[in-house]
Amino acid sequence: MRAPSFRCTKVDYKSTILHYYSERDGLEPIVLGIVKAVASKLHNREVTIKVHIAKSAEGPNPCDHTQFLIEEVDAEKFAIVEDLATTAKHVFKAEAKISPDTFVKLFPFHVIFDRQFIIRGVGSSLARVIPQLMPNASASPSSSAKKKCRLNDIFDMLRPHMNFDFKTIVNHIMTVFVLKTVDGLMVESKVTKKSERLNMKLKGQMVYLPDRDWVLYICSPSTSNLSDLRKSGCFLSDLPLHDATKDLVLMSEHFEEEYNLARDLEVLTDNLQQSYRELEEEKKKTDKLLYSILPPSVAIELRHNRPVPAKKYEHVTLMFCGVTSFAQFCLENENEPIKIVELLNRIYTRFDALTDPKLNPHVFKVRTETDKINCNSDSGKHVHV
């Protein structure tokens, strides 16, 4: 079920007709209260509202929606004394009218069409992107009859959701209109000189021209970044300076660059943190190796890049040991080297446990080579190894 929609038509300086469209019946009293509350709280005005034409599918004058008459109380206090339209006529009636060439350049994205949707005029940029919009552009050079291009041959209406015809547009003239090129529309690319499928969205307002019974659609490409602008066949220079779309596109590009920069910085930060963690793991391995081959006091000094002064000990014990007949044992087990490895593993594991600094802090294993082990002690105390 669609949400309700509203549109307004002005009666005079103090009266307005509110058109209420809804698929659900019985909600008109709620609309009365909402309008009064909005006028009071948001605009600080007191209004009266009543049903002007009720929704009815039967009778001599059927109506598909409800119309409310809104009148402002004490409107004379807030009315504009001078009629701006009369003033404008007085100013411009003695001046030359704006030329068509100037108007086309001033509003490069506009379309003028009549009651039969026949294109009567088009902006310069829009005509460049969609040559079919040019009056009589779709006619064949060899054809004597001039084929007239219609608006609904080029565009479909996305918003508002209603019939795409002249009467509907005039009745909803205060609505923002979004048009999209029809599916499969092919235009010639100015760069590749080949026919390409065009996907363009235009957003703007309709202006009724009662003098000619035409409608002027003043619009801009509905885009928010340069990529979409290029896909629609337009350039940044096509947008006039007075159009806020150019600022929106540039701002979007700026935000996108900042987002990409922040994303890259986040990736670099993650990589840096990962490298830092890997460095810490390698430092731990290095420290573990350093403490395993040097006394703790010496290892600490070396870790801090400080010189290690020589120390003198009154009592030092050195132990050199080896496996008896190790060479003979290796010859006997030449075909079974795993026995040699198991023997050395048991011996080294036992000595590593006995020379653990936590168990015997005064004993230091200098080196191991094949079956030879060299240990020393800087203490005069009796140490069990």
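Structure: see above.
Starting from 1, residues in each chain are numbered consecutively following that chain's sequence as written. Only residues with pLDDT of at least 70 get local features here, since the model is predicted, and only at 80 or more are side-chain atom pairs given and counted; chain-wide, interface and lining totals rely on the full set of residues. Side-chain calculation: all heavy atoms of the structure are included, whereas hydrogens and water are not.

*Asks:* Account for the overall build of the protein chain, naming residues and giving values.
*Replies:* We count a stretch as a helix when DSSP gives it H or I for four or more residues in a row; a strand needs E for two or more, and each element gets its number in order from the N terminus. When helices and strands are tallied, the protein chain shows eleven helices and 15 strands. Partly exposed residues are those whose accessible area sits between 20% and 50% of the maximum for their type, while under 20% is buried and over 50% is exposed, using a 1.4 Å probe and protein chains only. For the protein chain, buried positions account for 28% of its 385 residues. The contact criterion used is simple: two residues touch if any of their non-hydrogen atoms lie within 4.5 Å. For the protein chain, the share of sequence-separated contacts (at least 6 apart) that also reach a separation of at least 24 residues comes to 47%. In short, Shrake-Rupley with a 1.4 Å probe defines the accessible areas, and a residue's cover is counted only from the protein chains shown. Of the roughly 27,100 Å² that the protein chain leaves accessible, carbon and sulfur atoms contribute 56%.

*Asks:* Requested: an account of the nonpolar core, with residues and values cited.
*Replies:* Residues enter a nonpolar core if they are buried and are Ala, Val, Leu, Ile, Met, Phe, Trp, Tyr or Cys, with the set joined through side-chain atoms within 4.5 Å. Ranked by size, the top nonpolar core spans 33 residues in total, and within it Phe 113, Leu 126, Ile 130 and Tyr 217 carry the most contacts. Ignoring anything within four residues of it in the chain, the contact list for Tyr 217 reads Phe 109, His 110, Val 111, Phe 113, Phe 177, Val 178, Leu 179, Leu 202, Lys 203, Gly 204, Gln 205 and Met 206. By size, the runner-up hydrophobic cluster in this structure holds nine residues, among which are Val 35, Val 47, Ile 49 and Ile 70.

*Asks:* Tell me about the pattern of salt bridges, residues and numbers included.
*Replies:* Where charged atoms from two side chains of opposite charge come close, those side chains can pair. Counted as salt bridges are all cases of a side-chain nitrogen of Lys or Arg within 4 Å of a carboxyl oxygen of Asp or Glu. Tallying each qualifying case throughout the model produces nine salt bridges. Across the pair Glu 72 and Arg 45 runs a salt bridge whose closest N-O atoms are separated by 3.1 Å. Highlighted residues: Glu 72 in strand S4 (residues 66–72) and Arg 45 in the loop between helix H1 (28–41) and strand S3 (47–53), separated in sequence by 27 residues.

*Asks:* Can you tell me about the packing of aromatic side chains, naming the residues and giving the values?
*Replies:* Note on ring pairs: Phe, Tyr and Trp rings are taken, using the six-membered ring of Trp, and paired if centres are within 6.5 Å. Classes follow the plane angle, with under 30 degrees stacked, over 60 edge-to-face and the rest tilted. Counted by the stated rule, this structure contains seven aromatic pairs. An angle of 50 degrees between the planes, with centres 5.1 Å apart, marks the rings of Phe 103 and Phe 107 as tilted. A ring pair is formed by Phe 113 and Phe 117, whose centres lie 5.2 Å apart and whose planes are at 75 degrees; its orientation type is edge-to-face. Of the residues examined, Phe 117 reaches a relative accessible area of 4% and is grouped as buried. Site record: aromatic cluster; members linked through ring pairs are Phe 113, Phe 117, Phe 164, Phe 166 and Tyr 208. Here, a charge over a ring means that NZ of Lys or CZ of Arg falls within 6 Å of the ring centre while also lying within 35 degrees of the ring normal. If you follow Arg 212 out to its NZ or CZ, it ends over the ring of Trp 214, 4.2 Å from the centre.

*Asks:* Outline a nonpolar patch on the surface, listing residues and values.
*Replies:* Together, Ile 30, Ile 34, Val 38 and Leu 42 line one region of the surface with nonpolar side chains, adding up to about 380 Å² of accessible area. Within the element layout of this structure, Leu 42 appears in the loop between H1 and S3. Its relative accessible area of 65% is what places Leu 42 among the exposed residues. Nonpolar side chains (Val, Leu, Ile, Met, Phe, Trp, Tyr) within 5 Å and like charges within 9 Å form the patches, drawn only from residues with over 30% relative accessible area and no salt bridge.

*Asks:* Kindly report on the sheet that holds strand S2 (residues 15–21), identifying the contributing residues and their values.
*Replies:* At least two DSSP bridges between two strands are needed for those strands to be called paired. Taken in spatial order, the four strands of this open sheet run S1-S2-S4-S3, and their pairing is antiparallel. This sheet does not close on itself; its edge strands, each paired only once, are strand S1 (5–10) and S3. Pairs of neighbouring strands in the sheet enclose a mean axial angle of 25 degrees, with direction left out of account. Pairing between S1 and S2: six bridges, direction antiparallel. The convention used is that axes are lines fitted to C-alpha atoms, helices contributing only their stretch in contact, and that angles between N-to-C directions extend from 0 to 180 degrees.

*Asks:* Run through the environment of Leu 158, naming residues and quoting values.
*Replies:* Looking at where Leu 158 falls in the secondary structure, it is placed in strand S7 (residues 155–159). For Leu 158 and Leu 179, which are 21 residues apart along the polypeptide, the C-alpha to C-alpha distance reads 5.6 Å. Other than its neighbours up to four places away in sequence, Leu 158 contacts Val 178, Lys 180 and Lys 201.

*Asks:* Go over the sheet that holds strand S11 (residues 201–209) with me, naming the residues and quoting the values.
*Replies:* If you walk across this open sheet you meet the six strands as S6-S5-S12-S11-S8-S7, and the pairing is antiparallel. Across the chains shown, the open sheet's two edge strands, defined by having one partner strand only, are strand S6 (119–122) and S7. For this sheet the average axis-to-axis angle between neighbouring strands, irrespective of direction, equals 30 degrees.

*Asks:* Account for H1, naming residues and giving values.
*Replies:* Given a helix with a known number of residues, its expected span is that number minus one, times 1.5 Å. Helix length check: H1 (14 residues) gives 20 Å between terminal C-alpha atoms against 20 Å at 1.5 Å per residue, within 8%. What H1 keeps buried is the set Glu 28, Val 31, Val 35 and Ala 39. Along the axis of H1, the buried positions cluster into a sector of 60 degrees, meaning they face one direction only. Exposed residues on H1 whose side chains face more than 90 degrees from its buried face are Pro 29 and Lys 41. Where H1 is buried, its residues touch S1, S2, S3 and S4. Directions drawn from the helix axis to the C-beta atoms are what define this arc.

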